[in-house]
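Next come the chains, spelled out residue by residue.
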Amino acid sequence: TGRKFYTVPDGVGNLLHLWFFAMEHNLLRTLPSTMSQLHNLSEVQLWNNKFDTFPQVLCELPAMEKLDIKNNNITRLPTALHRPDKLKELNVTGNPLTYPPQDVCEQGTAAMLFFLRQEAAKDVAKYFFFI
């Protein structure tokens, strides 16, 4: 790719058999919510774009095994990123991440997902404690 796209069309959500999505070297800042319908999507390459926040829709991809979103401007990974059970390769290098902490990120994918899972569990516990 690398054609300097600013957006991904909503119609991408209609590509139900899509298993590989590559939009690296573009100017993307968001992804359409329709991507949540891509239940076969196993590999996503979004490096060298303009994401300031992590695209939440990526947390809703149950078949995702590989996510490369390096070299963007992301400072935080959402705790919901632990949801895609098959995620084994997560590349977030080159982002100014502050959460998870840098020492966790340096330990790799398994450590980051473990951290996010623990943080998500804390959020759930707080919710039930305050009800």
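Each chain carries its own residue numbering, running from 1 in the direction its sequence is written. In view of the model being predicted, local features appear only for residues whose pLDDT reaches at least 70, and side-chain atom pairs are presented and counted only at 80 or more, with totals across whole chains, interfaces and linings using the full set of residues. In computing side-chain values, all of the structure's heavy atoms are included and hydrogens and water are not.

### A word on unusual backbone geometry
- That bond from Tyr 99 to Pro 100 is cis: its omega, 0°, falls within 30 degrees of zero.
- Not every positive phi belongs to a glycine, and Asn 48 is a case in point at roughly 60°.
- Its place among the elements puts Asn 48 in the loop between β2 (43-45) and β3 (66-68).
- The exposure class of Asn 48 is partly exposed, given its relative accessible area of 24%.
- Of note, the phi angle at Asn 71 is positive, near 60°, even though the residue is not glycine.
- Looking at where Asn 71 falls in the secondary structure, it is placed in the loop between β3 and β4 (89-91). Strands here are runs of E lasting at least two residues and helices are runs of H or I lasting at least four, both read from the DSSP assignment and numbered beginning at the N terminus. The cut-offs for exposure are 20% and 50% of the maximum accessible area for each residue type, with area from a 1.4 Å probe on protein chains only; residues under the lower value are buried, those over the upper are exposed, and the others partly exposed.

### Topic: the environment of Lys 86
- Its location among the elements puts Lys 86 in the loop between β3 and β4.
- Spatially, the C-alpha atom of Lys 86 lies 11 Å from that of Cys 59, the residues being 27 residues apart in sequence.
- The contacts of Lys 86, once residues within four sequence positions are left out, are Pro 62, Ala 63, Met 64 and Glu 65. The contact criterion used is simple: two residues touch if any of their non-hydrogen atoms lie within 4.5 Å.

### Quick notes on the side chain of Asn 49
- Position of Asn 49 among the secondary structure elements: in the loop between β2 and β3.
- Since its relative accessible area comes to 4%, Asn 49 is described here as buried.
- Under the rule applied, a polar contact is a pair of N or O atoms within 3.5 Å (in protein, one hydrogen donor and one hydrogen acceptor; residues adjacent in sequence only if both atoms are side-chain atoms). For Asn 49, the side chain forms a polar contact with the main-chain nitrogen of Asn 26, separated by 3.3 Å.
- A distance of 3.0 Å separates a polar atom in the side chain of Asn 49 from the backbone nitrogen of Leu 28.

### Remarks on the state of the cysteines
- The disulfide definition used here is simple: a pair of cysteine sulfur atoms within 2.5 Å. Scanning all chains against the criterion turns up zero disulfides.
- In this model Cys 59 remains outside any disulfide bridge; the closest cysteine sulfur is found in Cys 105, 15 Å from its own.
- Given a relative accessible area of 4%, Cys 59 falls into the buried group.

### Digging into the pattern of salt bridges
- When a carboxyl oxygen of Asp or Glu is within 4 Å of a side-chain nitrogen of Lys or Arg, the pair counts as a salt bridge. Here the structure, examined in full by the defined rule, presents three salt bridges.
- The partner of Lys 122 in a salt bridge is Glu 119, with the nearest N and O atoms 2.9 Å apart. A residue pair is termed a helical-turn pair when its members lie 3 or 4 positions apart in one helix, as Lys 122 and Glu 119 do in helix α2 (residues 109-130) at three residues.
- Overall, the relative accessible area of 45% leaves Lys 122 in the partly exposed class.
- Among the residues examined, Glu 119 registers a relative accessible area of 16% and is labelled buried.

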